[in-house]
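Residue strings, one per chain:
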Amino acid sequence: MKIHEKYINRCIQLAQNGLGRTYPNPMVGCVIVHKDRIIGEGWHQKAGEPHAEVNAVNSVRDQDLLKKATIYVSLEPCSHYGKTPPCSNLIIDSGIKKVVIGTVDPFSEVAGKGIKKLMDAGCEVIVGVLEKESQELNRRFFTYHTKQRPYVILKWAQSADGFLSPGETPDGKRRPVWITNEYSKQRVHKWRSEEQAILVGTNTAIADNPKLNTRLWTGADPVRVVLDRQLRIPENSHLFDNSIKTLVLTEKESKERGAKNVIFEKLDFSSKLPQQIMEVLYRHEIQSVIIEGGNQTLQTFIDDQLWDEARIFTGNISFKKGIPAPHFSGKLMAEEKIASDLLKIYKHD
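What counts as what
- Residues numbered from 1 in each chain as written.
- Predicted model: local features only at pLDDT ≥ 70, side-chain atom pairs only at ≥ 80, totals over all residues.
- Heavy atoms only, no water.
- 1 Å grid on protein atoms, 1.4 Å probe; cavity = no way out; pocket = protein on both sides within 12 Å on 5 of 7 lines; lining within 4 Å.
- Points joined across faces, edges and corners; volume = space filled by probe spheres on them.
- Nonpolar A, V, L, I, M, F, W, Y, C, P; charged D, E, K, R; others polar.
- Disulfide = S-S within 2.5 Å.
- Buried < 20%, exposed > 50% of the residue type's maximum accessible area, 1.4 Å probe, protein only.
- Pairing = 2+ DSSP bridges.
- Helix = DSSP H or I, 4+ residues; strand = E, 2+ residues; numbered from the N terminus.
- Axes fitted to C-alpha atoms, helices over the stretch in contact; angles between N-to-C directions.
- Contact = heavy atoms within 4.5 Å.
- Core = buried A, V, L, I, M, F, W, Y, C linked by side-chain atoms within 4.5 Å.
- Expected span 1.5 Å × (residues − 1).
- Arc of directions from axis to C-beta.
- Phe/Tyr/Trp six-rings, centres within 6.5 Å; stacked < 30°, edge-to-face > 60°.
- Lys NZ or Arg CZ within 6 Å of the ring centre and 35° of its normal.

Asks: How should empty space enclosed by the protein be read in this particular structure?
Replies: Which parts of space are left empty comes out when a probe the size of a water molecule is rolled across the atoms. Overall, the coordinates contain one cavity of 30 Å³ or more when judged by the stated rule. Each pocket or cavity is described by its volume, and for the largest cavity that value is around 70 Å³. Lining the largest cavity are 13 residues; nearest its centre among them are Thr22, Tyr23, Met27, Asn138 and Arg140. Split into classes, the residues belonging to the lining of the largest cavity amount to six nonpolar, five polar and two charged.

Asks: Explain the state of the cysteines here, please?
Replies: Two cysteines whose sulfur atoms are joined by a covalent bond form what is called a disulfide. This structure, assessed with the given rule, holds zero disulfides. Cys87 provides the cysteine sulfur closest to Cys78, a residue in no disulfide bond, and the two sulfurs are 3.8 Å apart. Classification of Cys78 by relative accessible area gives buried; the value is 9%. Unpaired in terms of disulfides, Cys123 finds its nearest cysteine sulfur in Cys30, a separation of 13 Å. Assessed through its relative accessible area of 8%, Cys123 is described here as buried.

Asks: Help me out: how do you make sense of the sheet that holds strand S8 (residues 197-200) in this one?
Replies: Paired through their backbone hydrogen bonds, the strands of a sheet run either parallel or antiparallel. One open sheet holds the nine strands; their spatial order is S11-S10-S9-S8-S12-S6-S13-S16-S15, and the pairing between them is mixed. The open sheet has two edge strands with one neighbour each: strand S11 (262-266) and strand S15 (331-338). In this sheet, adjacent strand axes meet at a mean angle of 20° when their direction is disregarded. With four bridges joining them, strand S6 (residues 151-158) and strand S12 (residues 288-291) adopt parallel strand pairing. Across the sheet, residue Tyr151 finds its bridge partner in S12, namely Ser288. The sheet contacts of helix H9 (residues 273-283) involve S6, S8, strand S9 (223-227), strand S10 (246-250), S11 and S12, and relative to S10 the element is tilted by about 150°. Relative to S6, helix H10 (residues 295-303) is tilted by about 135°, and along the sheet it contacts S6, S8, S9 and S12.

Asks: What is the right way to read helix H6 (residues 139-147) from this model?
Replies: Given 3.6 residues per turn, any residue in an α-helix points the same way as the ones three and four places further on. Where burial is concerned, most of H6 is hidden: seven out of the nine residues are buried. Looking one or two residues beyond H6, the residue adopting positive phi is Gln148, at roughly 55°.

Asks: What is the right way to look at the nonpolar core in this model?
Replies: The nonpolar side chains of a soluble globular protein tend to be buried with one another. By size, the foremost hydrophobic cluster in this structure holds 30 residues, and its most contacted members are Leu154 and Ile277. Counting residues per element, the ones that place at least two in this core are S6, S8, S9, S10, H9, S12, H10 and strand S13 (309-314). Among the elements that line this core, the one with the most residues is H9, at five residues. Those residues within four positions of Ile277 in sequence are excluded, and the remaining contacts are Leu199, Leu227, Leu249, Leu267 and Phe301. In this structure, Leu212, Phe319, Leu343 and Ile345 belong to the second largest nonpolar core, which totals 25 residues.

Asks: What should I look at first to understand helix H1 (residues 2-15) in this one?
Replies: The first and last C-alpha atoms of H1 sit 20 Å apart over 14 residues, in line with the 20 Å expected at 1.5 Å per residue. Taken as a whole, H1 has its buried residues at His4, Tyr7, Ile8, Cys11, Ile12, Leu14 and Ala15. Relative to the axis of H1, the buried residues are bounded by an arc of 160° and lie together on one face. The inward-facing, buried residues of H1 abut strand S1 (29-34), strand S2 (37-43), strand S3 (70-75), strand S4 (98-103), strand S5 (124-127) and helix H5 (131-137).

Asks: What should I look at first to understand the packing of aromatic side chains in this one?
Replies: For any pair of aromatic rings, the description rests on two quantities: the centre-to-centre distance and the angle between the ring planes. Applying the stated criterion across every chain, the model contains seven aromatic pairs. Note on Tyr7 and Tyr72: the rings are 5.1 Å apart at their centroids and 45° apart in plane angle, and the pair reads as tilted. One end of the pair, Tyr7, is in helix H1; the other, Tyr72, is in strand S3, with 65 residues separating them in the sequence. The burial state of Tyr7 is the same as that of Tyr72; both residues are buried. Aromatic side chains Phe141 and Phe142 sit 6.4 Å apart centroid to centroid with 75° between the ring planes, which places their arrangement in the edge-to-face category. Accessibility assignment for this pair places Phe141 and Phe142 in one class, buried. Taken together, the ring pairs connect Trp156, Trp307, Phe328 and Tyr346 into an aromatic cluster. The cationic tip of Arg311 hangs over the ring face of Trp191; the distance from NZ or CZ to the ring centre is 4.7 Å.

As structure tokens, this is what we get:
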């Protein structure tokens with residue numbers, strides 16, 4: 001079993017190269033081994049392009065070795081026709097007789113059907129090698145298909161004394177204050193390229209006028225999601241610049257603002273708002289979302305137990321008073337110094 005774990009671990013490493021580029025598909029890595037030597041490997045690089053198994057098989061120089069080889073894959077090979085043919089068919093047609101799989105695919109179109117097809121064709125199939133790690137790799141995909149909602153990541157920056165901002169100025173206005181350094185800011189833009197959506201509340205949208213894009217990193221911009229109960233956000237805000245798909249969640253009747261890329265969704269803000277937001281994002285086929293709002297927005301998700309991960313920066317600035325950071329309880333998974341900032345990542349207990 002240890003030798004199987006070694007190669008499934010390599011599959012997981014390969015799969016991670018596709019983070020942020022495979023939606024709505026999962027990240028998958030594949031390794032082909034002959035006599036304890038890797039003769040081919042690949043990963044799913046982008047939705048609509050060949051799957052990991054295809055790239056791995058095509059990378060094998062001597063195709064005759066496939067009949068004597070073992071194929072390792074982090075997720076069950078697909079069995080249905082989507083944008084590409086079934087990978088289970090490819091494995092069978094290649095003459096590979098031994099298949100080792102990290103975990104079963106939760107997607108209803110697959111969900112054990114790929115394994116059954118391989119076994120019916122006479123392949124020896126081993127399932128569940130580094131299963132927990134393989135599922136963690138695709139935690140967004142698994143959450144979306146098993147819980148019918150996106151994977152929720154809370155993110156905020158707080159001062160050394162626990163405040164999100166110093167609050168309003170003497171003239172009653174709220175102005176943006178940078179708590180973290182430029183390296184942490186770049187890390188946030190990298191995260192944006194890895195997730196499908198990013199959400200902010202009305203106050204954040206008005207006070208900060210954010211772009212919510214990935215301008216400091218290479219990668220796709222996430223779908224912008226904004227809570228605007230009374231449609232108070234100015235029409236000339238960056239969120240309505242038509243450059244990125246933007247969902248506006250409001251209780252007002254939908255009204256056009258001249259932006260083709262802006263979609264209005266009506267919600268009941270007086271009842272179970274986070275659950276309604278999850279339903280809208282699920283309907284839009286969004287598998288992950290970063291909640292980057294203010295205290296009220298973040299605390300609402302925390303109080304409703306609707307979060308999976310929290311990423312918290314602490315800067316070296318102190319405010320002494322202001323808007324406090326959210327209060328929550330979670331399991332500390334990682335801690336990292338980023339120059340003068342401290343980043344802590346928590347998982348929901």
